[in-house]
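Understanding the architecture of this molecule
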Amino acid sequence: MTDHHNMTRLVATPPLGWNSWNAFSCDVTEADIRDAADALVETGLRDAGYEYVVVDDCWMASETDSEGRLQPSADFPNGMAALADYVHNRGLKFGLYSSAGTETCQGYPASLCRERLHAEQFADWGVDYLKYDNCGDHAGRDAIDRYAAMGAALASVERDIVYSICEWGQNRPWEWGRNVGGHLWRATDDLVAKWRADPDEFGLGVADALDRMADIDAAAAHGPSGWNDPDMLQIGNGPDSGQSEHEAVDVQRPLTEAERRTHFAFWCLLAAPLMVGTDLTSLSGFDRELLTNERLLAIDQDPLGIQGTPDRRGDDAEIWSKRLRDGGAVAFHNHGESDREISTHVSAVDVPARADRYRVYDCWTGNKWETSGSLAMTVEPRDTAIVRVTPQ
Ligand code: GLA
């Protein structure tokens with residue numbers, strides 16, 4: 001028996017890693033992927049848990065071989081098996097991208113009706129993760145049918161491959177993603193490096209994505225080996241990053257520090273897959289500290305895998321919370337224009353109500369205190385305070 005389909009469940013906690021799209025868009029090269037793998041090690045992100053290195057769209061040549069196999073483009077001169085080795089040799093895992101249509105979103109050959117052939121290629125190359133998009137002609141087949149075909153193909157090969165469904169939440173993939181072999185599924189449109197996007201431009205800003213995650217009410221589908229995905233992180237990105245330049249979106253500035261804290265706090269509260277999307281060779285100190293915050297990552301990676309949900313929305317102060325194995329996490333978000341104190345009580349959030357005393361732990365400062373139930377935090381505009389609350 002090889003290690004194929006071993007007893008360890010794939011992605012028992014949300015996958016962590018890096019993906020090329022937001023940083024490099026369609027200009028991605030083999031050198032960018034090697035640099036990203038090296039940088040994951042050097043920045044400490046690998047040791048913090050970021051494991052998957054995923055090459056998004058545009059890695060493939062514009063023609064398949066005569067049998068329909070995908071071939072790497074000239075920007076990947078050493079081929080995908082060598083690149084997978086390079087990534088594996090750094091203690092990381094390797095991912096690739098294709099689409100459940102005739103073409104990828106950028107018009108390259110994709111995998112519809114060639115699922116088995118391509119899954120075998122991926123396994124031969126040492127691929128550990130497949131992001132499977134929804135572009136190209138669908139040949140009249142619905143989403144469940146097309147995604148189930150690749151799910152079955154991946155299940156048939158002699159390698160464990162995490163299956164990341166990128167269907168943009170159009171057909172409620174949280175209702176069938178697990179059933180077709182998916183380990184995570186995009187619940188929303190593409191996230192852009194903005195706080196809010198205009199309705200007539202491409203994608204969702206961070207605040208738009210949170211509205212969407214609240215509206216779709218998909219938390220019940222979320223858990224070990226099957227995760228709702230609010231899309232990849234935009235921390236570190238701005239007007240010059242690949243996706244901002246490539247898509248029809250007007251990005252004027254990077255997210256502020258408060259907006260980035262909110263982005264990361266909420267993705268951890270949602271127990272979201274955390275795919276870093278910035279050029280790691282120029283990662284700022286602020287962003288490195290944010291992405292490696294152990295208190296936040298422990299909330300994201302909590303073994304129960306429960307998604308955080310809103311307890312109170314609709315005014316300038318929002319409260320969201322997430323049950324944890326030993327208590328809960330509570331987020332206090334200020335949607336308004338001035339500093340404000342936001343308060344709640346353990347009985348109004350997802351914290352086990354069984355104690356007279358609770359320990360409270362501020363995930364940004366590390367400060368600790370006790371409460372009999374009241375929780376209050378002072379929060380800057382667009383910022384988020386997040387605490388871990390543990391019954392004593
Ligand atoms: C779609 C996906 C993105 C990215 C691009 C690549 O927009 O949602 O995440 O993969 O395609 O073309």
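Definitions and cut-offs
- Residues numbered from 1 in each chain as written.
- Predicted model: local features only at pLDDT ≥ 70, side-chain atom pairs only at ≥ 80, totals over all residues.
- Heavy atoms only, no water.
- UniProt positions renumbered as here; feature names shortened; annotations may be inferred.
- Near = heavy atom within 4 Å.
- Polar contact = N/O pair within 3.5 Å; in protein donor to acceptor, adjacent residues only side chain to side chain.
- Areas by Shrake-Rupley, 256 points an atom, 1.4 Å probe, with all protein chains shown as cover.
- Nonpolar A, V, L, I, M, F, W, Y, C, P; charged D, E, K, R; others polar.
- Helix = DSSP H or I, 4+ residues; strand = E, 2+ residues; numbered from the N terminus.
- Buried < 20%, exposed > 50% of the residue type's maximum accessible area, 1.4 Å probe, protein only.
- Pairing = 2+ DSSP bridges.
- Axes fitted to C-alpha atoms, helices over the stretch in contact; angles between N-to-C directions.
- Phe/Tyr/Trp six-rings, centres within 6.5 Å; stacked < 30°, edge-to-face > 60°.
- 1 Å grid on protein atoms, 1.4 Å probe; cavity = no way out; pocket = protein on both sides within 12 Å on 5 of 7 lines; lining within 4 Å.
- Points joined across faces, edges and corners; volume = space filled by probe spheres on them.

Looking at an unreviewed UniProt entry, one finds the chain named Glycoside hydrolase family 27 protein, with Halonotius terrestris as its source organism. The UniProt entry for the chain carries the following comment under Sequence similarities (unreviewed entry): "Belongs to the glycosyl hydrolase 27 family."

Considerations on the site of the ligand
In the region of the ligand, 13 residues are neighbours, and Asp56, Asp57, Lys131, Asp133 and Asp190 sit closest. Within the side chain of aspartate 57, an N or O atom sits 2.8 Å from an oxygen atom of the ligand. Lysine 131 is positioned such that a nitrogen or oxygen atom in its side chain is 2.7 Å from an oxygen atom of the ligand. Bound to the protein, the ligand loses 96% of the 310 Å² it would expose on its own. Looking at the shell around the ligand residue by residue, the class counts come to 6 nonpolar, 1 polar and 6 charged.

With respect to the side chain of threonine 104
Mapped onto the secondary structure, threonine 104 falls in the loop between strand E3 (93-99) and helix H5 (115-125). Within the local environment of threonine 104, its side chain forms a polar contact with the side chain of aspartate 57, the two groups lying 2.9 Å apart.

Observations regarding the pairing of strand E1 (residues 16-19)
Side chains Leu16 and Trp18 of E1 all project onto a buried face; the interleaved residues Gly17 and Asn19 project onto the opposite face, where all are buried too. Here E1 runs beside strand E8 (residues 274-276); their pairing, made up of 3 bridges, is parallel. Following the sheet pairing, glycine 17 is matched in E8 by methionine 275. Judged from the 3 bridges that link them, E1 and strand E2 (residues 52-54) form a sheet pairing that is parallel. Bridging across to E2, asparagine 19 finds its partner in valine 54.

Here's the deal with the sheet that holds strand E16 (residues 384-391)
Sheet architecture is open: 6 strands sit in the order E9-E10-E11-E16-E13-E14, paired in antiparallel fashion. One side of each edge strand has no neighbouring strand; the edge strands of this open sheet are strand E9 (309-312) and strand E14 (368-371). In this sheet, adjacent strand axes meet at a mean angle of 30 degrees when their direction is disregarded. Here strand E11 (residues 327-334) pairs with E16 via 6 bridges, running antiparallel. Paired with alanine 329 across the bridge in E16 is arginine 388.

As for the packing of aromatic side chains
Evaluation of the coordinates by the stated rule reveals 8 aromatic pairs. With 5.2 Å between their ring centres and 45 degrees between their planes, tyrosine 52 and tyrosine 129 make a pair best called tilted. Separated by 77 residues along the polypeptide, tyrosine 52 in strand E2 and tyrosine 129 in strand E4 (residues 129-133) bring together distant segments of the chain. Of the two residues, tyrosine 52 and tyrosine 129, both sit in the buried class. With a centroid separation of 5.1 Å and an interplanar angle of 80 degrees, the aromatic rings of phenylalanine 266 and tryptophan 320 are classed as edge-to-face. Here tryptophan 320 lies in strand E10 (residues 317-324) and phenylalanine 266 lies in helix H9 (residues 257-269), a separation of 54 residues in the sequence.

Things to note about unusual backbone geometry
Although it is not a glycine, valine 11 adopts a positive phi angle of roughly 40 degrees. Along the chain, valine 11 falls in the segment before E1.

Describing empty space enclosed by the protein
Scanning the model with the defined rule gives 1 cavity of 30 Å³ or more in all. Roughly 80 Å³ of internal volume is contained in the largest cavity. Residue lining of the largest cavity: Asn19, Val54, Tyr129, Lys131, Ser164, Cys166, Arg186, Asp229, Asp231, Met232 and Met275, and that is the complete set. In the lining of the largest cavity, the residues fall into 5 nonpolar, 2 polar and 4 charged.

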